[in-house]
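Summary of structural features
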Amino acid sequence: MEKNLLNKIHQHALKEYPFECCGVVIGKPENDHDDILFPCTNIQNQLHEKDPKNYPRDAKTAFNIESTELLKIENEARTRGMVIKTFYHSHPDHDAYFSEEDKKQALFGDEPWYPDANHLVVSVYNKQIKDQALFAWEPEKKVFERQKDLNL
C-alpha cells in the first residue's frame, strides 16, 4: 500500500477517534499505483442506539459499513475494472489485531465475504497512531493471518 494512501487512512482514524473508523480501498490487483480510498461512515452507533440487543457494541469497539455505501463502492470498482483490495478500520485504545468481532464481520458462515481482500487494522492510542497490521485470508487454514508489517 502506498504511503500517501496509508497516511490518509491514519488521518481518518485520528479524525474519528475515540470511535472506530472504517473504509475501503479499491484498485487493480497487480499494482498499488491507482488505488482509490473510500472512507466510509461507521453506522455502529446508530445500530446500537436503535437495537442494543442485536448490536451490543457501540462505535468505540465495533464498526459497520452501511450496505448501500458498500454497494456503491463495489459498483465503482466494477465500473473501473478494479476490485476491493482492502477493508480498513481502527482500534481506538486497543492494539492492531484481528479481533473476534472483526472475524465475525468478515465472515459469512466460515468463509469470507471477500476472500481476496486484505484487512488493515490501525491502532490509535490518545489520538496517536501506535501500530497497524494487515491480515489476509488463508483458505487452507480458514483463518485471517497477519501479513508483512507495514512501517509507520
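You'll find the structure just up there.
Quick summary incoming for the structure in this document. As the structure is a prediction and not an experimental result, all values here were calculated from the model. (Residues numbered from 1 in each chain as written. Predicted model: local features only at pLDDT ≥ 70, side-chain atom pairs only at ≥ 80, totals over all residues. Heavy atoms only, no water.)

**Focus: the overall build of the protein chain**
Each helix and strand in the protein chain was counted, giving four helices and eight strands. Reading the protein chain from its N end, one meets helices and strands in the order α-β-β-α-α-β-α-β-β-β-β-β. Here the protein chain has a C-alpha radius of gyration of 15 Å; the compact-globule value for 152 residues is 15 Å, and the two agree. Overall, the protein chain is about 40 × 35 × 30 Å in size when its C-alpha atoms are taken along their principal axes. Pairs at least 24 apart in sequence give 61% of the contacts found in the protein chain among residues at least 6 apart. A total of about 8900 Å² of accessible surface is found on the protein chain, and carbon and sulfur atoms cover 49% of it. Within the protein chain, one finds 20 positive and 27 negative side-chain charges whose respective centroids are separated by 3 Å. (Helix = DSSP H or I, 4+ residues; strand = E, 2+ residues; numbered from the N terminus. Rg over C-alpha atoms; globule rule 2.2 N^0.38 Å. Contact = heavy atoms within 4.5 Å. Areas by Shrake-Rupley, 256 points an atom, 1.4 Å probe, with all protein chains shown as cover. Lys, Arg positive; Asp, Glu negative; His and termini not counted. Charge placed at Lys NZ, Arg CZ, Asp CG, Glu CD.)

**Quick notes on the sheet that holds strand β6 (residues 118–125)**
Within the open sheet, the six strands sit side by side as β2-β1-β3-β6-β7-β8. Their pairing is mixed. Strand pairing shows two members of the sheet lacking a second neighbour, β2 (36–40) and β8 (143–146), which therefore form its edges. Neighbouring strand axes in the sheet, compared pairwise and without regard to direction, differ in orientation by 25 degrees on average. Taken together, the seven bridges between β6 and strand β7 (residues 128–138) define a ladder with antiparallel strand orientation. (Pairing = 2+ DSSP bridges. Axes fitted to C-alpha atoms, helices over the stretch in contact; angles between N-to-C directions.)

**Overview of the nonpolar core**
Formed by 14 residues in total, the largest nonpolar core has its most connected members in I9, V25, L37, Y88, L120, V122 and V124. Counting residues per element, the ones that place at least two in this core are α1 (3–16) and β6. Of all the elements, α1 adds the most residues to this core, at five residues. Those residues in contact with L37 that lie beyond four places of it in its chain are L5, K8, I9, V24, V25 and Y88. (Core = buried A, V, L, I, M, F, W, Y, C linked by side-chain atoms within 4.5 Å. Buried < 20%, exposed > 50% of the residue type's maximum accessible area, 1.4 Å probe, protein only.)

**A closer look at the packing of aromatic side chains**
As enumerated under the stated definition, the model contains five aromatic pairs in all. Pairing F98 with F144 gives two aromatic rings, centres 4.7 Å apart and planes at 45 degrees, and the pair type is tilted. Of the two residues, F98 sits in the loop between β3 (83–92) and α4 (100–106) while F144 sits in strand β8, which places them 46 residues apart along the sequence. Taken together, the ring pairs connect F98, F135, W137 and F144 into an aromatic cluster. (Phe/Tyr/Trp six-rings, centres within 6.5 Å; stacked < 30°, edge-to-face > 60°.)

**Things to note about the pairing of β7**
When a strand is regular, its side chains alternate between the sheet's two faces. Between the antiparallel neighbours β6 and β7 lie two residues, among them N126 with a positive phi of about 50 degrees. The pairing of β7 with β8 spans four bridges and is antiparallel. If you follow A136 over to β8, its bridge partner there is E145. Taken together, β7 and the strand that follows it, β8, pair antiparallel across an intervening segment of four residues, in which K142 is found at a positive phi of about 55 degrees.

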